[in-house]
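Here's the letter readout for the chains.
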Amino acid sequence: MHQVNNNMDRKCGVCKDANLDFDFAFAYQPIVDLARRAIFAHEALVRGVDGASAASVLSLVNESNRYAFDQRCRVKAIEGAARLGMQEKLSINFLPNAVYKPEACIQNTFSAAQRAGFPLSQIIFEVTEGEEVLDRAHLVNIFYEYRRFGFSTAIDDFGAGYSGLGLLTEFQPDIIKLDMGLVRGIERHPAKQAVLDGVLMVCKRLGVTVLAEGVETVAERDYLFAAGVSLMQGYLFCRPAFESLGVVDSGAWIDTSQRPGDRS
């Protein structure tokens, strides 16, 4: 643990000089609030400059350029959101192993938001639960610092990685995003339904909002909404829009005469 922290201290002295020798772009995917029949946020998803997959970009990230990539992601995501006139929240993925001292590493984000006129309160920072976190206490500290700075926080792919409920005992983010493996076919899978019920009960007691990602079918949407999940993201509503804001398919909205949690 101490070795990891010592490495972080050493890197903080040189990270500001880090360079990135490749470029990338973003696609933005809507996150919808079914109860309000409105877009809640847009997630910034990295893409190649020609629209190539995220994997093609992430394969270029390594130990020597991770900090520069993480910093550039934040700036480009905010600049793109402002350029496109985004009025909703912006969700940005961050790499916890690239954050050495939160109060220092966040300065570029502050500057980018100020230049773009994008409110800090509209930014959500989310971390993938499956990310190999070298120091979980450090991740928890990042979350607490980001909350202190006025950002919202989220854990992505909840239920897919190693931490999950254990991490929730140490920090309660504003949002957890259910992994699509739990979402897929949930309307016909009793075991997944039982897990969902448990997660919803825990999150209600902790004051954490649950978001379902990877929603692809009307049946998944309807089951999740009836169970009490209103925030959703997935191809049913809109695919990621390359360098633009996605528009939700009008047929994807649900009849809101039935409220979240009204499972018959």
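Bear in mind the structure is a predicted one, so any value in this text is a computation, not a measurement.

(A) Here's a closer look at the packing of helix α9 (residues 190–206) against helix α10 (residues 218–227). At a minimum axis separation of 11 Å, α9 and α10 run at an interaxial angle of 40°. Classified by the interaxial angle, the pair formed by α9 and α10 is oblique. Crossing of α9 over α10 shows right-handed handedness. Contacts from Q193, L196 and L200 in α9 reach Y223, L224 and A227 in α10. Of the residues contributing to the contact of α9 with α10, the split by class is five nonpolar, one polar and no charged.

(B) Region of interest: the pairing of strand β2 (residues 38–47). Buried residues dominate β2, accounting for eight of its ten residues. For strand β1 (residues 25–33) and β2, the ladder comprises nine bridges, and the chain directions are antiparallel. Considered in β2, the bridge of I31 is made with A41. Where β1 hands over to β2, the hairpin turn is made up of four residues, of which R37 adopts a positive phi near 50°. With four bridges joining them, β2 and strand β3 (residues 89–93) adopt parallel strand pairing. The partner of H42 across the bridge, within β3, is L90.

(C) Main features of the nonpolar core. With 70 residues, the main nonpolar core has L90, I176 and M232 as its most contacted residues. Of all the elements, helix α3 (residues 66–83) adds the most residues to this core, at seven residues. Residue contacts for I176: discarding those within four places in its chain leaves I155, F158, L168, V199, C203, V208, T209, V210 and L211. I31, A41, I124 and L211 belong to the second largest nonpolar core, which has seven residues in total.

The rules behind the values
- Residues numbered from 1 in each chain as written.
- Predicted model: local features only at pLDDT ≥ 70, side-chain atom pairs only at ≥ 80, totals over all residues.
- Heavy atoms only, no water.
- Axes fitted to C-alpha atoms, helices over the stretch in contact; angles between N-to-C directions.
- Helix = DSSP H or I, 4+ residues; strand = E, 2+ residues; numbered from the N terminus.
- Parallel < 35°, antiparallel > 145°, perpendicular 65-115°, else oblique.
- Left-handed = near helix turned anticlockwise from the far one by under 90°.
- Contact = heavy atoms within 4.5 Å.
- Nonpolar A, V, L, I, M, F, W, Y, C, P; charged D, E, K, R; others polar.
- Buried < 20%, exposed > 50% of the residue type's maximum accessible area, 1.4 Å probe, protein only.
- Pairing = 2+ DSSP bridges.
- Core = buried A, V, L, I, M, F, W, Y, C linked by side-chain atoms within 4.5 Å.

Function cannot be read off these values alone, since they describe shape.
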